[in-house]
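The chain contents come next:
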Amino acid sequence: MRGIVTYRGNLLLVCGFVLAALNLRPALAGVSPLLPAIMRDLGLSPAGGGAITTVMVACLGLLAPAAPALATRIGLDRTLLAGLLVLAAGVALRSADGVPALYCGAALAGTAIAVMNVVMPGLVKQHFPGRIGLFTGLYVSVMVSGAAMASAAMVPLAGQVGWRAAAGSAALLALLAAALWWVALTRQGRAVASPSPAVLTRPDAQDPAARVGGRDGRSRSRDPGHRPYAALLRAPATWPVMAFMGLQSLTFYVLLAWLPTVFQAAGLPADEAGYLLGLTNLVQIVAALAVPLHAGRARSQKPHVVVAALLTVGGYLGVLLAPTTTPWLWMIALGLGQGASIALALLIITLRAPDPASVTALSAVAQSSGYVLAAIGPLAFGLLHELSGGWSVPLLAGLGACALQLVSGVLAARPATG
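First, a word on what this report is: a plain description of the structure on this page. The shown structure was predicted, so the numbers you read here are calculated from the model rather than taken from an experiment.

What follows deals with the overall build of the protein. Looking only at helices and strands, the protein has 17 helices and zero strands in total. Going through the 418 residues of the protein one by one, you find that 57% of them count as buried. Taking as baseline every contact in the protein between residues at least 6 positions apart, the subset at least 24 positions apart corresponds to 83%. When the accessible area of the protein is evaluated, it comes to approximately 15600 Å², of which 69% is carbon and sulfur surface.

Moving on, we get to the side chain of Thr 251. Within the secondary structure, Thr 251 is located in helix 12 (residues 238-265). A distance of 3.1 Å separates a polar side-chain atom of Thr 251 from the backbone oxygen of Gln 248.

Turning next to helix 15 (residues 327-351). In an α-helix, one turn spans 3.6 residues, which is why side chains three or four residues apart end up on the same side. Counted at 1.5 Å a residue, the expected span for helix 15 with its 25 residues is 36 Å, and the 36 Å between its end C-alpha atoms agrees. Summarising burial for helix 15: 21 of the 25 residues are buried, a large majority.

Under the counting rule described, the total for this entry stands at three cavities of 30 Å³ or more. Considering only enclosed or pocket space, the largest cavity measures out at about 120 Å³ in volume. Lining the largest cavity are 15 residues, with Gln 248, Phe 252, Gln 284, Gln 338 and Ile 342 sitting closest to its centre. Looking at the lining of the largest cavity, the elements with two or more residues in it are helix 8 (132-161), helix 12 and helix 15. Looking at the lining of the largest cavity element by element, the count peaks at five residues for helix 12. Its residues assigned to classes, the lining of the largest cavity shows six nonpolar, eight polar and one charged. Roughly 40 Å³ of internal volume is contained in the second largest cavity. In terms of lining residues, the second largest cavity is bounded by Val 31, Ile 38, Ile 52, Arg 94, Ser 95, Leu 102, Trp 163 and Ala 167. Split into classes, the residues belonging to the lining of the second largest cavity amount to six nonpolar, one polar and one charged.

Take helix 8 next. Compared with the 44 Å implied by 1.5 Å per residue over 30 residues, the 41 Å span of helix 8 between its first and last C-alpha is a close match. The largest bend along helix 8 measures about 40 degrees and falls at Met 154, with the proline Pro 156 one to four residues further on. Note on helix 8: the residue one or two positions beyond its end, Gly 162, has a positive phi of about 95 degrees.

Turning our eyes to something else, we now look at the packing of helix 14 (residues 302-321) against helix 17 (residues 392-412). Put simply, helix 14 and helix 17 touch, their axes get as near as 9 Å, and they point 175 degrees apart. Compared by their axis directions, helix 14 and helix 17 come out roughly antiparallel. Every residue of helix 17 that contacts helix 14 at Lys 302, Val 305, Val 306, Ala 309, Thr 312, Val 313, Tyr 316, Leu 317, Val 319 and Leu 320 is listed here: Ser 392, Leu 395, Leu 396, Gly 398, Leu 399, Cys 402, Gln 405, Leu 406, Gly 409 and Val 410. Along the lines of polarity and charge, the residues of the contact of helix 14 with helix 17 split into 14 nonpolar, five polar and one charged.

By secondary structure assignment, the location of His 304 is in helix 14. The exposure class of His 304 is buried, given its relative accessible area of 15%. When the C-alpha positions of His 304 and Leu 344 are compared, they lie 7.8 Å apart, and in sequence the two are 40 residues distant. At 2.8 Å, the side chain of His 304 forms a polar contact with the side chain of His 294.

Of all hydrophobic cores here, the largest spans 127 residues; its most connected members are Phe 17, Ile 38, Leu 87, Tyr 139 and Tyr 253. Aside from chain neighbours lying at most four places away, what touches Phe 17 is Met 120, Leu 123, Val 124, Phe 128, Phe 135, Tyr 139 and Trp 181.

Our next topic: the packing of helix 12 against helix 15. Packed helix pairs are specified by the crossing angle of their axes together with the interaxial distance, meaning the distance between the axes. At a minimum axis distance of 10 Å, the contact between helix 12 and helix 15 shows a crossing angle of 150 degrees. By the criterion of interaxial angle, the relationship of helix 12 to helix 15 is roughly antiparallel. Like other packed secondary-structure pairs, helix 12 and helix 15 cross with a definite hand, here left-handed. Each of Val 241, Phe 244, Met 245, Gln 248, Thr 251, Phe 252, Leu 255, Leu 259 and Phe 263 in helix 12 lies in contact with helix 15, whose residues at this interface are Pro 327, Met 331, Leu 334, Gln 338, Ser 341, Ile 342, Leu 344, Ala 345, Leu 346, Ile 348 and Ile 349. Looking at side-chain class alone, the contact of helix 12 with helix 15 contains 16 nonpolar, four polar and no charged residues.

Next up on the list: the packing of aromatic side chains. Summed over the entire model, instances satisfying the criterion amount to six aromatic pairs. The interplanar angle of 75 degrees and the centroid separation of 5.9 Å between the aromatic rings of Phe 17 and Tyr 139 together place this pair among those described as edge-to-face. Here Phe 17, found in helix 1 (residues 2-22), pairs with Tyr 139, found in helix 8; they are 122 residues apart in sequence, far enough to count as distant. Aromatic side chains Phe 128 and Phe 135 sit 3.7 Å apart centroid to centroid with 5 degrees between the ring planes, which places their arrangement in the stacked category. The residues Phe 128 and Phe 135 share a single accessibility class, namely buried. An aromatic cluster of three or more residues is present, and its members are Phe 17, Phe 128, Phe 135 and Tyr 139.

With that settled, the discussion passes to the environment of Ser 341. In this fold, Ser 341 is placed in helix 15. Owing to a relative accessible area of 2%, Ser 341 belongs among the buried residues under this scheme. In the structure, Ser 341 is positioned 37 residues away from His 304 in sequence and 8.4 Å away in space, judged by C-alpha atoms. Side-chain polar atoms of Ser 341 contact the backbone oxygen of Gly 337, separated by 2.8 Å.

Rules used in this analysis
Residues numbered from 1 in each chain as written. Predicted model: local features only at pLDDT ≥ 70, side-chain atom pairs only at ≥ 80, totals over all residues. Heavy atoms only, no water. Helix = DSSP H or I, 4+ residues; strand = E, 2+ residues; numbered from the N terminus. Buried < 20%, exposed > 50% of the residue type's maximum accessible area, 1.4 Å probe, protein only. Contact = heavy atoms within 4.5 Å. Areas by Shrake-Rupley, 256 points an atom, 1.4 Å probe, with all protein chains shown as cover. Polar contact = N/O pair within 3.5 Å; in protein donor to acceptor, adjacent residues only side chain to side chain. Expected span 1.5 Å × (residues − 1). 1 Å grid on protein atoms, 1.4 Å probe; cavity = no way out; pocket = protein on both sides within 12 Å on 5 of 7 lines; lining within 4 Å. Points joined across faces, edges and corners; volume = space filled by probe spheres on them. Nonpolar A, V, L, I, M, F, W, Y, C, P; charged D, E, K, R; others polar. Bend = angle between axes of the 7 residues up to and from the residue. Axes fitted to C-alpha atoms, helices over the stretch in contact; angles between N-to-C directions. Parallel < 35°, antiparallel > 145°, perpendicular 65-115°, else oblique. Core = buried A, V, L, I, M, F, W, Y, C linked by side-chain atoms within 4.5 Å. Left-handed = near helix turned anticlockwise from the far one by under 90°. Phe/Tyr/Trp six-rings, centres within 6.5 Å; stacked < 30°, edge-to-face > 60°.

Take a look at the structure:
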């Protein structure tokens, strides 16, 4: 009987974890297909429309450092629960009437996603330490599945109920995930357990296994002392991880925000443009699930990073040179490249730190700086469009970011030494 209860508790935990991951992108991806309607309804300029996504992504970066402090006080599990509830509130506010509510709700939703983004790798390390590659791939693939569903469903749903109700539907998904996660924690007794300390450990100069990541990124810390962010930032290996996280996020979010608009400007109907964005997000599932399983067992993730970057470049080039000629092919290449890139960024974070607290801290540093950089993308893309009068210059700038992503990714993927 005890075995059955334990099995059911673990199954609930996995299901709650998966449903929480499903909420990490619909609030972001669901805006892009609706952007033309939102801009018309509220009288926003292209820069103002891009700022909706920019506000959310900026919060992902600026508020990510709050996640470890919150997890220190209430634990990783309850931090995720709080994030889901705040996400539901933010999405509901964003769909209310008026421009202030739009941006305030976007900021609140972005804050919730920032916290959830940071704690997810730590939860993988905490609950599934023996299957990091599998559960990293699982939660990233589910995350992009949420983006794919939102991208494909928003335009048809908005046609039936209006863009406000369509955009607000993500709140229901967040509430459902919060309820299931609470039940899972209660069944396992974690909801009332003392929080695990989300602090970094000091590296021991005499023991490579005590450093963040050690030789293989899987070692356990032996020194329970507190390690501030300044010490983490002094580690040379931290900076390429931060740059890779930021640049792959930037190249993703500019197209998440503007791709349907680019396709519509090229002559495709709005629903087809939304379906194409849904296709690229759907294809990301395959790469996000498969790549960590293989890359997680490899000593170096360099080959995976290179292939992912080249596929992303191919997708950008297709949209730039022939947006209406086999656009599905460009979306497949883009989806494979971007799905692999985000999975690799999160996998590298998880492998390079020795315990859940260290993973959470490295995740906070990388995602904070990364999403601040990524937040520039949608706004800059819209401004470049306004200044140039077309989409060629913004897409060329995106290709430049892809090149920098390749360089930083190769550096981040080097095996840890010491």
